[in-house]
Protein chains: 2
Amino acid sequence: MNIKHYMQQVGQQARAASRMIAAADTGIKNDALLAIAAALDASRKELLAANAIDMAQGEKDGLDSALLDRLSLGDKGIDAMIEGLTQVAALPDPCGEISDMKYRPSGIQVGKMRVPLGVVGIIYESRPNVTIDAASLCLKSGNATILRGGKEALHSNQAIARCIQQGLEQVGLPATVVQVIETIDREAVAELITMSEYVDVIIPRGGRGLIERIANDATVSVIKHLDGICHVYIDDQADEEKAFNIAVNSKTHRYGVCNAMETLLIAEPIAAVILPRLVDAYRNKEVELRGCEKTCALADGILPATDSDWQTEYLAPILSIRIVGNMQAAIDHIGQYSSGHTEAIVTESITRARQFMTLVDSSAIIVNASTRFADGFEFGLGAEIGISTDKIHVRGPVGLEGLTSQKWIVFGDGHIRT
Amino acid sequence: MNIKHYMQQVGQQARAASRMIAAADTGIKNDALLAIAAALDASRKELLAANAIDMAQGEKDGLDSALLDRLSLGDKGIDAMIEGLTQVAALPDPCGEISDMKYRPSGIQVGKMRVPLGVVGIIYESRPNVTIDAASLCLKSGNATILRGGKEALHSNQAIARCIQQGLEQVGLPATVVQVIETIDREAVAELITMSEYVDVIIPRGGRGLIERIANDATVSVIKHLDGICHVYIDDQADEEKAFNIAVNSKTHRYGVCNAMETLLIAEPIAAVILPRLVDAYRNKEVELRGCEKTCALADGILPATDSDWQTEYLAPILSIRIVGNMQAAIDHIGQYSSGHTEAIVTESITRARQFMTLVDSSAIIVNASTRFADGFEFGLGAEIGISTDKIHVRGPVGLEGLTSQKWIVFGDGHIRT
């Protein structure tokens, strides 16, 4: 296969399809989502058979158990995809919303209309469920999608793609609204991220290495989702009970997620009171603790933290702890080490809360609640395609609105510039 | 000078300064803008002397008269910069605005806060006034700025930079909030557009070549302002008088601007009526006409348009004209040839207007008014740093809001995830 030629064709088809889906009524898009769900339900045998081929190959290739776990579909996985499609169908359609219409002194009326981005390219690792997640959010937001999943999931993804295309055609939409790239050749990715005439934005989902490589090589705009090195700062004006609950929950509710706390900052005046209680709680949950000198002095058996600890997204039952002189020192620490994902402050002082909220430059700033709330469902987006640590276009959880843009609309009555 | 080392230092200083300016009150930022205006006024002699050096060198190097014209400052140019600063000081501050605060079922309260992007890099050609335009908009929107002007304007830009820094220091802000790169070495640009740890967004202002080169090489996000190949479509349900006025104004009000019409599309049923009147009007203004076969058949002495005409931003008294079968054919032509800047429809039909508005994918869609309205002042932004033909982050005229982003803010009362 000539990869460049193949990808150009995929791109042209996506651009043409993007015009059709952008013009489709909300009802048609919802019908398509439900038709895809029905097609998945009717194709369980084929889906499980395709997934079995990928799993057998993955085992043969010696994939580790975490990877195999993510690759595995099963009837429960199919149920979850069907449930996801039904939920996205129920969300309000962001497209077409007109806002801020105002008359200008010239007499023209100016406002904005929310519109799809056009063609979205999604590059992800070997999790077949992402194929449905990404396709459904892009479809509902009126975009055409080009999906490139991990090579280990190729058969599963192609079986899912057939269901998607069946659902699209059933409601009279072109199957090319969602295209799954059929080759595992890496050149296809190189082509995808530089076809700026056909692709409007690339969303990579996966490890830091994948995302940085794509961001470096892409000429198409990229919405990045990098690490979550999230902090909780316990202020000396914190309520002790709230601080305890939030610090425990932010670390231990789930370990392998990007909105888990990785570093706990405690104001010195309150450290002697709250640290021992927290240390006990973390030990009960078998969380390994690494601390600054002052932390180690206040509690036994804590490993000394090094500079690299402050820079690490553990995604594991490990926590680094630093005692800071005051809120400004906490803000400075966050400014230096945070990945810009989510930071929380625990304080009863409205002045401190206001300052922290203004001075900390991360995608989500949380006052007196767990960092674990930083996700699309909890924020009310209904679903998310990722959590952006970028600053332009969209920050934090990316839902349907993050997959759209706003164009200007103007009404006149024959108005001209003089 | 070690360019890489120098630029890293500029970047570090900008990042540090961005934290100061992001936290500055609106009043301080306005005071700084007015102090810069006063410094320019007090430094007229130095500014004119510096500009004279650039002009003399430019003449010696044989720059053409258009370039020299843009390079020239003069007392009128200084007046315009002072006026611009005063206007930006009077605009509302976009930063800190909190919107969409809602309680979620979990009990947390979630909303968005508008915040600066951080560090903005501006790369532009030899127009010294852009130094003040860009610096003032970035300053008001709470961003630190790194400016890289054309080498022909180096002395002028450095003299302006001294006034900016004087104004900043006068109100207690660090001079590094606005830095003008002091070397004309091209390596400085290569470094600027890849320092993603220090620079959040790059805005290139200049010709297509400059912008495409930067977009290709940058790893930092770029807000592009490419061509304006703008269309006016005269529908067969147009009011003839409005159509005539809009088609004349869109082309002839100014020729060298990106929101001027370059191609006129006319619905076939109305062409025989309106085309001869328009041809006369354009000829009176010495506009060269190039038309499709049908256009040439309806009026004498029109040159045949080639495919390359539909792809050209003339920026000159030249117009291409095409007669199309119906609105869908006009939309298809625009989809194929437009640069996505601005398109207008002239029609009395609300159904046609609604369809055109939905189906045309450009940054501004205008119904029954001249394309010349597509700019920041006319749209009510107060000032603009450019007109984005990108789809992500910001489309169309980019004002203060386009230089900001929104972060999520969350209030709880000790809430945890369960």
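In this text, all values refer to a predicted model and were calculated from it rather than measured experimentally.

1. A few points about the sheet that holds strand β11 (residues 318-324) of chain A
Spatial ordering of the open sheet is given by β10(A)-β9(A)-β11(A)-β8(A)-β7(A)-β12(A)-β13(A)-β16(B)-β2(B)-β1(B), a layout of 10 strands whose pairing is mixed. Only two strands of the sheet have a single neighbouring strand rather than two, namely β10 (303-304) of chain A together with β1 (98-103) of chain B. The pairing of strand β8 (residues 261-267) of chain A with β11 of chain A spans five bridges and is parallel. Considered in β11 of chain A, the bridge of A267 of chain A is made with V324 of chain A. Sheet strands in contact with helix α15 (residues 350-359) of chain A are β12 (342-346) and β13 (364-369) of chain A together with β2 (109-116) and β16 (404-415) of chain B, and its direction is about 160 degrees off that of β13 of chain A.

2. Structural notes on unusual backbone geometry
Residue and element names in this part refer to chain A. Phi at D100 takes a positive value of approximately 60 degrees, unusual for a residue other than glycine. Mapped onto the elements, D100 comes out in strand β1 (residues 98-103). Note on D100: 10 C-beta atoms within 10 Å, which makes it exposed.

3. Overview of the domain arrangement of chain A
Here the domain parsing of chain A yields domain 1 (3-224 + 397-409) and domain 2 (230-379). Inter-centroid distance (C-alpha atoms) of domain 1 of chain A to domain 2 of chain A is 35 Å.

4. Regarding the relation of the copies chain B and chain A
The two copies are related by a screw motion: chain B maps onto chain A through a turn of 180 degrees and a shift of 0.0 Å along the axis, at an RMSD of 0.0 Å. Interpreted geometrically, this transformation is the action of a two-fold axis. Residue H393 of chain B of chain B places its C-alpha closer to the rotation axis than any other residue of that unit, at 1.8 Å. Here 100% of the contact residues of chain B are again contact residues in chain A; the copies associate through an equivalent surface.

5. Details of helix α11 (residues 268-284) of chain B
All names here are of chain B. Taking 1.5 Å of rise per residue, the 17 residues of α11 would be expected to cover 24 Å, and the 24 Å separating its terminal C-alpha atoms lies within 8% of that figure. Among all positions of α11, only A271, I274, L275, L278, V279 and Y282 are buried. The secondary structure elements touched by the buried residues of α11 are β7 (230-234), α10 (240-252), β8 (261-267), β9 (288-291), α12 (293-298) and β11 (318-324).

6. Focus: the environment of V232 of chain A
Residue and element names in this part refer to chain A. In this structure, V232 sits in strand β7 (residues 230-234). Residue V232 is classed as buried on the basis of its C-beta count, with 27 C-beta atoms lying within 10 Å. C-alpha of V232 to C-alpha of M195: the two residues are 37 residues apart in sequence and 41 Å apart in space. Other than its neighbours up to four places away in sequence, V232 contacts I246, A247, S250, M261, L264, A344, V346 and T371.

7. So, the sheet that holds strand β3 (residues 119-124) of chain B
All names here are of chain B. The four strands are arranged β5-β4-β3-β6 in an open sheet whose pairing can be described as parallel. Each edge of the open sheet carries a strand with a single partner, namely β5 (178-180) and β6 (201-205). Sheet twist, expressed as the average angle between the axes of neighbouring strands with direction ignored, equals 20 degrees. By the bridge criterion, five bridges tie β3 to strand β4 (residues 144-148) in an arrangement that is parallel.

8. Notes on the packing of helix α2 (residues 26-42) of chain B against helix α7 (residues 154-170) of chain B
Residues and elements named next belong to chain B. Between α2 and α7, the shortest axis-to-axis distance is 8 Å and the interhelical angle comes to 135 degrees. Judged on the interaxial angle alone, α7 and α2 are oblique. As for the relative orientation of α2 and α7, their crossing is right-handed in sense. Counting all contacts with α2, which are made through A32, A35, I36, A39 and L40, the residues of α7 involved are C163, I164, Q166, G167, L168 and Q170. Grouping the amino acids of the contact of α2 with α7 by side-chain chemistry returns eight nonpolar, three polar and no charged.

9. Considering the interface of chain B and chain A
Note: interface size is frequently given as the accessible area lost on complex formation between the parts. Listed by partner, the interface residues are 60 residues for chain B and 60 residues for chain A. Secondary-structure elements contributing two or more residues to the side of chain B that touches chain A are β2, α9 (208-217), α10, α15 (350-359), β13 (364-369), α16 (376-379) and β16 of chain B. Among the elements that line the side of chain B that touches chain A, the one with the most residues is β16 of chain B, at 11 residues. Of the residues contributing to the side of chain B that touches chain A, the split by class is 23 nonpolar, 22 polar and 15 charged. Alignment of β13 of chain A against β16 of chain B, held across five bridges, turns out to be parallel. Along β16 of chain B, the bridge assignment pairs A369 of chain A with H415 of chain B.

The rules behind each value
Residues numbered from 1 in each chain as written. Chains lettered and ligands numbered in written order. Predicted model: local features only at pLDDT ≥ 70, side-chain atom pairs only at ≥ 80, totals over all residues. Pairing = 2+ DSSP bridges. Helix = DSSP H or I, 4+ residues; strand = E, 2+ residues; numbered from the N terminus. Contact = placed C-beta atoms within 7 Å. Axes fitted to C-alpha atoms, helices over the stretch in contact; angles between N-to-C directions. Buried ≥ 20, exposed ≤ 12 C-beta atoms within 10 Å, placed from the backbone. Domains from an automatic or database assignment. Least-squares fit on C-alpha atoms with pLDDT ≥ 70 in both. Expected span 1.5 Å × (residues − 1). Parallel < 35°, antiparallel > 145°, perpendicular 65-115°, else oblique. Left-handed = near helix turned anticlockwise from the far one by under 90°. Nonpolar A, V, L, I, M, F, W, Y, C, P; charged D, E, K, R; others polar.

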